[in-house]
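What the coordinates show
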Amino acid sequence: MKVLVIGGGAREHALCRSLSLDPDVTALYCAPGNAGIAEVAELHPVDALDGDAVARLATELGAGLVVVGPEAPLVAGVADAVRAVGIPCFGPSGEAAQLEGSKAFAKDVMAGAGVPTARSYVCTTPAEIDEALDAFGAPYVVKDDGLAAGKGVVVTDDLAAARDHALSCDRVVIEEFLDGPEVSLFAITDGTTVLPLQPAQDFKRALDGDAGPNTGGMGAYSPLPWADPKLVDEVLETVLQPTVDELRRRGTPFSGLLYAGLAITSRGVRVIEFNARFGDPETQVVLARLRTPLAGVLLASANGTLDVLAPLTWRDDAAVTVVIASHNYPDTPRTGDPIDGLAEVAAQDAPDAYVLHAGTRTEGGSVVSAGGRVLSVTATGRDLAAARERAYTALGRIRLDGSQHRTDIALKAAGAPGAPGAAGG
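The notes below deal with the structure included here. Since the structure is predicted, the reported quantities are computational estimates derived from the model, not experimental observations.

Some words on the packing of helix α6 (residues 103-113) against helix α9 (residues 231-249)
- It is the contact of α6 with α9, at a shortest axis distance of 9 Å, that shows an interaxial angle of 100 degrees. Compared by their axis directions, α6 and α9 come out roughly perpendicular. Mapping the contact onto sequence places Phe105, Val109, Gly112 and Ala113 in α6 and Pro242, Thr243, Glu246 and Leu247 in α9.
- For the contact of α6 with α9, the residue count by class is five nonpolar, two polar and one charged.

Things to note about the environment of His44
- Its location among the elements puts His44 in the loop between β3 (42-43) and α2 (51-61).
- Among the residues examined, His44 registers a relative accessible area of 18% and is labelled buried.
- Put simply, His44 and Gly33 are eleven residues apart on the chain and 7.6 Å apart in space, counted from C-alpha to C-alpha.
- With sequence-adjacent residues up to four places away left out, His44 is seen in contact with Tyr29, Cys30, Ala31, Pro32, Leu57 and Leu61.
- A polar atom in the side chain of His44 sits 2.7 Å from the side chain of Glu42.

Some remarks on the packing of aromatic side chains
- Scanning the model with the defined rule gives five aromatic pairs in all.
- Pairing Phe186 with Phe278 gives two aromatic rings, centres 5.7 Å apart and planes at 85 degrees, and the pair type is edge-to-face. With a gap of 92 residues between them, Phe186 in strand β10 (residues 182-189) and Phe278 in the loop between β17 (268-275) and α10 (282-289) connect regions that are remote in the sequence. Here Phe186 and Phe278 have matching classes, each one buried.
- Ring centres 6.0 Å apart and planes at 45 degrees place the aromatic pair Phe203 and Tyr221 in the tilted group. A residue pair is termed long-range when its members are at least 10 positions apart, and Phe203 in the loop between β12 (201-202) and β13 (205-207) and Tyr221 in strand β15 (residues 219-222) qualify at 18 residues. Accessibility classification places Phe203 together with Tyr221 in one group, the buried group.
- Three or more aromatic residues joined by ring pairs make a cluster, and in this case those are Phe90, Phe186, Tyr259 and Phe278.

Cut-offs and rules
Residues numbered from 1 in each chain as written. Predicted model: local features only at pLDDT ≥ 70, side-chain atom pairs only at ≥ 80, totals over all residues. Heavy atoms only, no water. Axes fitted to C-alpha atoms, helices over the stretch in contact; angles between N-to-C directions. Helix = DSSP H or I, 4+ residues; strand = E, 2+ residues; numbered from the N terminus. Parallel < 35°, antiparallel > 145°, perpendicular 65-115°, else oblique. Contact = heavy atoms within 4.5 Å. Nonpolar A, V, L, I, M, F, W, Y, C, P; charged D, E, K, R; others polar. Buried < 20%, exposed > 50% of the residue type's maximum accessible area, 1.4 Å probe, protein only. Polar contact = N/O pair within 3.5 Å; in protein donor to acceptor, adjacent residues only side chain to side chain. Phe/Tyr/Trp six-rings, centres within 6.5 Å; stacked < 30°, edge-to-face > 60°.

Encoded structure:
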């Protein structure tokens, strides 16, 4: 099978790495890709938001499967355009991707499906905003209704800051604060059958101790030693399957990756948000633990045959990933800085630790930074403590001027069995 992956971040590098290890994949392409993905896939330029351009490229390459990584192309209907030319595509339709593209739509679907989530108001006027903020009180949770690259959510005790963020959005969802640790659970679905993956926890705040602003994610780990062993089955029954069933009932079947961001509250599991694609950086640790070859699973989702797929198999190893970000991230990040030490990691730490590229490009034969989140250093080990030690050892070999990373990824979970790791913020 020839596979084309759309996107150019660390999530797509993780997908391409797994696909490159799959014996059924005879050719692997990525568009537009990045400097790291170029080591495992043939890169092609494309406007990832142009469905017709993606479909033409897939046709020219003879792709038997297209995997759309980021959310913006999915919401733009790229998967629809690929399917329209008869090529199987892993990713929901533009209409179904509104589950991520519009938080108000997601809330409506959850209400129809009976999925437990935070109480909320959808607001479009200053008066509605003030009423909602007053109704819930602090901590205030304010979410831009549309796509915001992981940075459209403000959680704050500061009423003025909450109100300012709400007023900056065309339409905003204001909801009650959910207590308890956060969990990310991915599920692959063909619109009927739902196949949950292993849970992970990510760290959204920029600084150690979950301080600082929200980011796209600064690290993740899997498995969760503190989580209830029945968590995945419970979420499948109360969240994932009802949501997929509801979308099918509405005539907008969801096929692809359904990502549930969950809070484990004192009142039970609650959905914080849905995403319509693999999450970054959780994908890095989940795929590091997946033993089943990836291409056949994604193709079964695209073809509607997940019900006949053999059960997934998983490695016993734990996985940890730590994000290296540019100077000044998540504000306006500095780019163009050279990255050194990548060859050292490959020589001294592989295969237990490796580097996945997020915002990089090749310039004059050297790899330089090209975004806010630059690299994801990922490692596996017999337990979280071992995986964490390997990840930070490998990270220590990398040199990027002005870069930043958190030093506490998986620290609590690795050191205190039975207690949750730092909640993802």
